[in-house]
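Here's the letter readout for the chains.
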Amino acid sequence: MAAAVPRKIKWVAIGDSITFLNDHPEHADHRVTKGYMSIIAERNPGVEYVNKGYSGWTSILIAEKIETIGLEPADVYTVFLGTNDWWQGKALGTPDDYRNNTGTGTVYGAYRVIISKLRQLNAKAKIILITPMQRGDFVYFKNFTNNAYGSYKAKNGQDLGQFAGAVRQIGRMEKLRVVDLYHKSGITHDKMVRFKRLKDPASGAYKDYTYPGYTNVPFDPEKDAYPYPVEAVYMTYDGLHPSDQGYRIIADMLARKWRGVR
């Protein structure tokens, strides 16, 4: 008897650069070979994914452009946003912004716009929310001036954990599945990279600093070498974006929420 052909499941993955990189390894200097979508699709032969990841985009920008980014009816939607909202100092808002559909002025309001659109496309679709990850000090390997400190301190008076909490709260309100990378992935500040290579302020010689030591050592993007050589890669390859190991963790956690999808 011939084996049953798995039913096709269409998955639209909405996100930022962490999602975008799944299909654009050249933007990661090929330090990443397989993103979370590819891993899930390999494990589930019937799954076909559509990558709607946009580097640098916030949940607010996604919501503002929701009618123009070509979202399609699908069986499963994942929404993996929030880290750029935090870094860009966007207003988090309150659960009432979600309940009252106040628009795209806050992250809570933006999520209401996004989720409403997904339900309009397919009211029966499974929607899985993914919280932002913790993040270390980011330095873009192509442009060292594109850098950002990690989530170990607040930005614009807000902690990244508050944005993760908002995603969890929306999941509870809407009875949606939530992948809580921020609290449960083990991708923590001390595991972002093995070290950050910086100049010792006293001697001027390069030294490999681990977390939290590196947070107090300056980095000069105009004069210093790239602080994350290949041997520094751990759960991220640049302090922010997942390495292969990080993507496997994300895929494993998403797979557990994926169970029951038909």
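Just so we're clear, the structure is a prediction, and the values are computed from it rather than from any experiment.

Caption draft 1: Just the pattern of salt bridges, in detail. What the rule picks out here adds up to 12 salt bridges. Note that Glu-42 is salt-bridged to Lys-34, the shortest N-O span being 3.2 Å. The exposure class assigned to Lys-34 is partly exposed, which follows from its relative accessible area of 31%. With a shortest N-O distance of 3.5 Å, Glu-231 and Arg-197 are connected by a salt bridge. Taken as a pair, Glu-231 in the loop between strand E9 (206-209) and helix H9 (244-258) and Arg-197 in strand E8 (residues 196-199) lie far apart in primary sequence, 34 residues in all. Given the relative accessible area of 45%, Glu-231 is considered partly exposed.

Caption draft 2: Representation of a positive patch on the surface in the model. On the surface, Lys-184, Arg-256, Lys-257 and Arg-259 cluster together into a patch of positive charge. By the element assignment, Arg-259 lies in the segment after H9. A relative accessible area of 61% places Arg-259 in the exposed class.

Caption draft 3: Looking closely at the layout of surface pockets. Space inside the largest pocket adds up to approximately 350 Å³. If you trace the largest pocket, you find 19 residues lining it, with Ser-17, Gly-56, Phe-138, Asn-146 and His-241 closest to the centre. Among the elements that make up the lining of the largest pocket, the one with the highest residue count is strand E6 (residues 143-148) (3 residues). Residues that form the lining of the largest pocket fall into these classes: 8 nonpolar, 9 polar and 2 charged.

Caption draft 4: Representation of the environment of Glu-72 in the model. One can find Glu-72 in the loop between helix H3 (59-64) and strand E3 (76-80). Overall, the relative accessible area of 29% leaves Glu-72 in the partly exposed class. Not counting residues within four places of it along the chain, the set of residues in contact with Glu-72 comprises Lys-10, Val-12, Val-50, Tyr-77 and Leu-121. Side-chain polar atoms of Glu-72 contact the side chain of Lys-10, separated by 2.2 Å.

Definitions and cut-offs
Residues numbered from 1 in each chain as written. Predicted model: local features only at pLDDT ≥ 70, side-chain atom pairs only at ≥ 80, totals over all residues. Heavy atoms only, no water. Salt bridge = Lys/Arg side-chain N within 4 Å of Asp/Glu carboxyl O. Buried < 20%, exposed > 50% of the residue type's maximum accessible area, 1.4 Å probe, protein only. Helix = DSSP H or I, 4+ residues; strand = E, 2+ residues; numbered from the N terminus. Patch = residues over 30% accessible without salt bridge, like charges linked within 9 Å, V, L, I, M, F, W, Y side chains within 5 Å. Areas by Shrake-Rupley, 256 points an atom, 1.4 Å probe, with all protein chains shown as cover. Lys, Arg positive; Asp, Glu negative; His and termini not counted. Charge placed at Lys NZ, Arg CZ, Asp CG, Glu CD. 1 Å grid on protein atoms, 1.4 Å probe; cavity = no way out; pocket = protein on both sides within 12 Å on 5 of 7 lines; lining within 4 Å. Points joined across faces, edges and corners; volume = space filled by probe spheres on them. Nonpolar A, V, L, I, M, F, W, Y, C, P; charged D, E, K, R; others polar. Contact = heavy atoms within 4.5 Å. Polar contact = N/O pair within 3.5 Å; in protein donor to acceptor, adjacent residues only side chain to side chain.

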